[in-house]
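A look at the structure
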Amino acid sequence: MRMMRPTAVAIALVAVLCTSAASAAEKKGKPFVVVYKNDAKVELRDFEIGVEESTLFGSSYTRLKALPVKTDRLHLKVLVEKLAEIEFLSVDTEGGEIKVRLTATDGKTIEGAIDSKKDIIWKGMHPFADSEATLDPAQMKKIILTLDKEKE
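Residues numbered from 1 in each chain as written. Predicted model: local features only at pLDDT ≥ 70, side-chain atom pairs only at ≥ 80, totals over all residues. Heavy atoms only, no water.

**Observations concerning the overall build of the protein chain**
Helix and strand counts for the protein chain stand at one helix and eleven strands. Its helices and strands taken in sequence order, the protein chain reads α-β-β-β-β-β-β-β-β-β-β-β from the N to the C terminus. Put simply, the protein chain has 152 residues, and 29% of those count as buried. Across the protein chain, every contact between residues at least 6 apart in sequence was considered, and the portion connecting residues at least 24 apart equals 49%. Roughly 11000 Å² of accessible area belongs to the protein chain as shown, and the carbon and sulfur atoms make up 55% of that amount. (Helix = DSSP H or I, 4+ residues; strand = E, 2+ residues; numbered from the N terminus. Buried < 20%, exposed > 50% of the residue type's maximum accessible area, 1.4 Å probe, protein only. Contact = heavy atoms within 4.5 Å. Areas by Shrake-Rupley, 256 points an atom, 1.4 Å probe, with all protein chains shown as cover.)

**Structural notes on the packing of aromatic side chains**
As enumerated under the stated definition, the model contains three aromatic pairs in all. Between the aromatic rings of Phe47 and Trp122, the centroid separation amounts to 6.3 Å while the plane-to-plane angle is 40 degrees, which identifies the pairing as tilted. Of the two residues, Phe47 is situated in strand β2 (residues 41-55) and Trp122 in strand β9 (residues 120-126); the sequence distance between them amounts to 75 residues. We classify Phe47 as buried; its relative accessible area is 10%. With a relative accessible area of 1%, Trp122 lands in the buried category. Consider the rings of Phe88 and Trp122, whose centres lie 5.3 Å apart with planes at 75 degrees: the pair is edge-to-face. Here Trp122 lies in strand β9 and Phe88 lies in strand β6 (residues 83-91), a separation of 34 residues in the sequence. (Phe/Tyr/Trp six-rings, centres within 6.5 Å; stacked < 30°, edge-to-face > 60°.)

**Digging into the pattern of salt bridges**
The final tally for this structure, using the stated rule, is eight salt bridges. Asp39 serves as the salt-bridge partner of Lys141, at 2.8 Å between the closest nitrogen and oxygen. One end of the pair, Lys141, is in strand β11 (residues 140-144); the other, Asp39, is in the loop between β1 (31-36) and β2, with 102 residues separating them in the sequence. Arg45 is paired through a salt bridge with Asp130; the nearest N and O atoms lie 2.2 Å apart. With Arg45 in strand β2 and Asp130 in the loop between β9 and β10 (131-135), this pair connects stretches of sequence that are 85 residues apart. On the basis of relative accessible area, Arg45 is assigned to the buried category, the value being 15%. Using a relative accessible area of 39% as the deciding quantity, one classes Asp130 as partly exposed. Linked through salt bridges whose partners overlap, the residues forming this network are Asp46, Glu48 and Arg63. (Salt bridge = Lys/Arg side-chain N within 4 Å of Asp/Glu carboxyl O.)

**Description of the pairing of β2**
Bridge count between β1 and β2: five bridges; the pairing is antiparallel. What sits directly across from Val35, in β2, is Lys41. With antiparallel pairing between neighbouring strands as the criterion, β1 and β2 make up a hairpin whose turn holds four residues, including Asp39 at a positive phi of roughly 70 degrees. The sheet contact formed by β2 and β9 spans five bridges and is antiparallel. Residue Ile49 lies in a different strand from β9, and its bridge partner there is Trp122. Strand direction decides the pairing type here: β2 and strand β3 (residues 58-64), joined by seven bridges, are antiparallel. Counted as the bridge partner of Glu53 is Ser60 from β3. With antiparallel pairing between neighbouring strands as the criterion, β2 and β3 make up a hairpin whose turn holds two residues. (Pairing = 2+ DSSP bridges.)

Set out below in C-alpha cells:
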C-alpha cells in the first residue's frame, strides 16, 4: 500500500511534465511567410484567422478553422490547414471586399472573395519576444503557408 503512493505520485508527475512539453511544442507553431507588395518577406509562425465580436461585457476573439470564401456559384469554408498559399488579388478598404486566389496543398487553385459579415482578423506570432502580429491584407501580396522542406 505504501509503495502505491510514490508510484501514483511519479505517474502524475510524468503526466504533468509530458502535458507541459506538448503545450510548449504547440506554442511554437508552424512557420509561414508573408510577402508584402514591395516583395519584402517576413517569416512568422502560428498563422490564424478569426473574427472579433462585441458583446455586452466587451469584445471576444473567435478563431476560425476555415476561411469563408464566395466563388461565382458556391460559398465555401476552406480549412486553413489544407491551404499552401493565400494570394491577395484586390483589397477594397472602403467596401471591405477582399478577392483572393487560394492554392491548396495539392496544388489546385480557386479564386473568390472573402465571405464574412464581420471583418476577418489575420494573425501570426513574430519571433521577437513571441509578439502577436496582426496582418493587414491591403499591404500583403500573399501568405505562403507551406514552406520548402529545406527551411523546416
